[in-house]
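Working through the structure, step by step
Chain by chain, the residues run as shown.
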Amino acid sequence: MTWARTEQNRFSHEAVGEGPLADAYETALRSTAPPVDPAAGAALRFLAAAIGARSAVEVGTGCGVSGVWLLKGMAADGILTSVDTNAAYQDHARSVYAAEGFGTGRARLIRGRALEVLPRLADGGYDLVFVDADPEGYPLYLREALRLLRPGGILAFNEALTVSPEPDGPLRAPDPVETAVRETVRQVREDTSFVPLLLPLGGGLLAAIHRPAL
């Protein structure tokens, strides 16, 4: 194993630790909602801390793994709004947040379809939007994220590089998931109101600062 890989593994292991977050990873790996890669989770924590995020939206609560990463990076009084259709996952996430020491007021868990919930959230009211849900909906989530983010806010999409390594051609066309992910990446890359970055962490973390023209 190379030094670089060893250091990456050390960072990931030390960041996860052996407490509630590690337990949440074990639960999530056995579920139908795979957790965010530890390196990508650490990046989320870093991004939230870099802007002192006090309000964040998460699409896809899962078992609470990514929510913990975000809360660890957010300001001490920051509030995470997390949306998911699965009540059992949200119940587990709530217990994980509590075990990590985050008070009940730090997370607002909303059960429902994201495309029905997000339109009810305040325009420009959030510092960070993280999406880890059905990739086919990524272009629609991007539209909502643009509305929700304040100037200087950050958006992030998980699994932004999980596409087939096979080249396109007459015998293989992108499936709907690939098409949606590629379109989201393209829109973020070409939109001049974003400062984008595609990080090769886990399945790929697409991040961008929203910097609309004055």
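Everything below is about the structure shown above.
Given the structure is predicted, the values throughout are model-derived calculations rather than measurements. (Residues numbered from 1 in each chain as written. Predicted model: local features only at pLDDT ≥ 70, side-chain atom pairs only at ≥ 80, totals over all residues. Heavy atoms only, no water.)

1. So, the pairing of strand 2 (residues 79–84)
Burial of strand 2 is extensive: 5 of the 6 residues sit out of reach of the surface. Alignment of strand 1 (residues 55–59) against strand 2, held across 5 bridges, turns out to be parallel. From the neighbouring strand, Ser55 faces strand 2, where its bridge partner is Ile79. One ladder, built from 5 bridges, connects strand 2 with strand 3 (residues 107–111); its direction is parallel. Each residue of the ladder has a partner; that of Val83, found in strand 3, is Ile110. In this view, the connection linking strand 2 to its parallel neighbour strand 3 by way of helix 5 (residues 87–99) has right-handed handedness. (Buried < 20%, exposed > 50% of the residue type's maximum accessible area, 1.4 Å probe, protein only. Helix = DSSP H or I, 4+ residues; strand = E, 2+ residues; numbered from the N terminus. Pairing = 2+ DSSP bridges. Right-handed = clockwise from strand over helix to strand, strands pointing away.)

2. Some remarks on the environment of Ser82
Summarising the element assignment, Ser82 is placed in strand 2. Residue classification places Ser82 among the buried positions, given a relative accessible area of 0%. Between the C-alpha atoms of Ser82 and Ala107, which are 25 residues apart in sequence, the distance is 7.3 Å. Residues contacting Ser82, with those up to four places away along its chain left out, are Glu58, Gly60, Thr61, Gln90, Arg108, Leu109 and Ile110. (Contact = heavy atoms within 4.5 Å.)

3. What to know about the nonpolar core
Residues Val65, Trp69, Met74, Tyr97 and Leu128 are the most contacted members of the largest nonpolar core, which totals 40 residues. Examining the composition of this core, we find that 6 residues originate from one element, helix 3 (residues 38–50), more than from any other. Residues contacting Leu128, with those up to four places away along its chain left out, are Leu47, Ala48, Ser55, Ala56, Val57, Leu70, Leu149 and Ile154. With 26 residues, the next largest nonpolar core counts Tyr126, Leu155, Val181 and Val188 among its residues. (Core = buried A, V, L, I, M, F, W, Y, C linked by side-chain atoms within 4.5 Å.)

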